[in-house]
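Architecture at a glance
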Amino acid sequence: MWIKRKHEEVNFYLTQILSHHGNFGSYLCKIGKKEVAECRYCAEPNDTPEHTMFACPRCEQERCEARMTIGSNISADTFLKSATERRENFEAISKLAQNILEAKYSEEQG
Ligand SMILES: [Zn+2]
């Protein structure tokens, strides 16, 4: 159980997206925890952080919220730029990473 203050939690999740070291098929496969890197929610054969955050249909609802705050679509190529442009964008993207990764963890444990 992670008990941390809010801003530290946000960094914890966003760090996983940026470093690729987290609960992603691509990483788990690389470190030998999984035999295949495929996404557990859709047919994508390589579950990378970019796939989870910006492409996977499982996370469309969470993504939709972030898009409303940011006012445009977000992708692996543009999200860092958006995050540095406005504080609201940064918070929306951090929250998106947190919502998605928390959902992934809890679904895997349940
Ligand atoms: Zn997927």
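Look above for the structure.
Below is a summary of the structure that appears in this document. Quick caveat: nothing in here was measured; it's all calculated off a predicted structure.

Some remarks on the coordination of the zinc ion
Note on the zinc ion: its protein donors are Cys-39 (SG), Cys-42 (SG), His-51 (NE2) and Cys-56 (SG). The metal-donor distances range over 2.1 to 2.3 Å. Angles of 99 to 119° at the metal separate the four donor atoms of the zinc ion, which places the site in the tetrahedral class. Motif for the zinc ion, donor spacing along one chain: C-x2-C-x8-H-x4-C.

A word on the packing of helix H4 (residues 60-70) against helix H6 (residues 87-109)
Relative orientation of the contacting elements H4 and H6 amounts to 175°, with a least axis distance of 9 Å. Accordingly, the angle class assigned to the pair H4 and H6 is roughly antiparallel. Counted together, Glu-62, Arg-63, Glu-65, Ala-66, Thr-69 and Ile-70 of H4 and Glu-88, Asn-89, Ala-92, Ile-93, Lys-95, Leu-96, Asn-99 and Ile-100 of H6 form the full contact between these two elements. By residue class, the composition of the contact of H4 with H6 is six nonpolar, three polar and five charged.

Some words on the pattern of salt bridges
If the charged atoms of two oppositely charged side chains come close together, the side chains can form a pair. A full pass over the atoms with the stated rule returns 10 salt bridges. Among the salt bridges present, the one from Glu-108 reaches Arg-40, with a minimum N-O distance of 3.6 Å. Linking Glu-108 in helix H6 with Arg-40 in the loop between helix H2 (25-30) and helix H3 (49-55), this pair joins segments that are 68 residues apart in sequence. Looking at Glu-108, the relative accessible area reads 38%, which means it is partly exposed. Linking Glu-62 and Arg-58 is a salt bridge whose minimum nitrogen-to-oxygen distance equals 3.4 Å. The class for Glu-62 is buried, based on a relative accessible area of 17%. Residues participating in the shared-partner salt-bridge network are Arg-40, Arg-58, Glu-62, Glu-107 and Glu-108.

Some points on the side chain of Glu-62
Along the chain, the position of Glu-62 falls in helix H4. The contact partners of Glu-62, leaving out residues within four places of it in the chain, are Leu-96, Asn-99 and Ile-100.

Details of the environment of Ile-31
With respect to the helices and strands, Ile-31 occurs in the loop between H2 and H3. The partly exposed category is assigned to Ile-31, whose relative accessible area is 42%.

Section: the state of the cysteines
A complete count under the given rule lists zero disulfides for this structure. The thiol sulfur of Cys-29 is not disulfide-bonded, and the nearest other cysteine sulfur, from Cys-39, lies at 14 Å. Classification of Cys-29 as partly exposed rests on a relative accessible area of 27%.

Regarding the packing of aromatic side chains
One pass over the structure, following the stated rule, counts two aromatic pairs. Plain terms: the ring middles of Phe-12 and Tyr-13 are 5.0 Å apart, the flat faces sit at 70° to each other, and that makes the pair edge-to-face. For Tyr-13, a relative accessible area of 7% translates into the label buried. Ring centres of Phe-54 and Phe-79 lie 5.0 Å apart, and the angle between their planes is 40°; on these two criteria the pair is classed as tilted. Residue Phe-54 is found in helix H3, and its partner Phe-79 is found in helix H5 (residues 79-85); the two are separated by 25 residues along the sequence. Accessibility expressed as a relative area gives 13% for Phe-54, which makes it buried. Overall, the relative accessible area of 6% leaves Phe-79 in the buried class. Seen from the ring of Tyr-41, Arg-58 lies directly overhead, with NZ or CZ sitting 5.2 Å from the centre.

Criteria and cut-off values
- Residues numbered from 1 in each chain as written.
- Predicted model: local features only at pLDDT ≥ 70, side-chain atom pairs only at ≥ 80, totals over all residues.
- Heavy atoms only, no water.
- Donors = N, O, S within 2.8 Å, 3.2 Å for Na, K, Ca; no water.
- Tetrahedral: all angles 85-135°; square planar, octahedral: opposite > 155°, others 65-115°.
- Axes fitted to C-alpha atoms, helices over the stretch in contact; angles between N-to-C directions.
- Helix = DSSP H or I, 4+ residues; strand = E, 2+ residues; numbered from the N terminus.
- Parallel < 35°, antiparallel > 145°, perpendicular 65-115°, else oblique.
- Contact = heavy atoms within 4.5 Å.
- Nonpolar A, V, L, I, M, F, W, Y, C, P; charged D, E, K, R; others polar.
- Salt bridge = Lys/Arg side-chain N within 4 Å of Asp/Glu carboxyl O.
- Buried < 20%, exposed > 50% of the residue type's maximum accessible area, 1.4 Å probe, protein only.
- Disulfide = S-S within 2.5 Å.
- Phe/Tyr/Trp six-rings, centres within 6.5 Å; stacked < 30°, edge-to-face > 60°.
- Lys NZ or Arg CZ within 6 Å of the ring centre and 35° of its normal.

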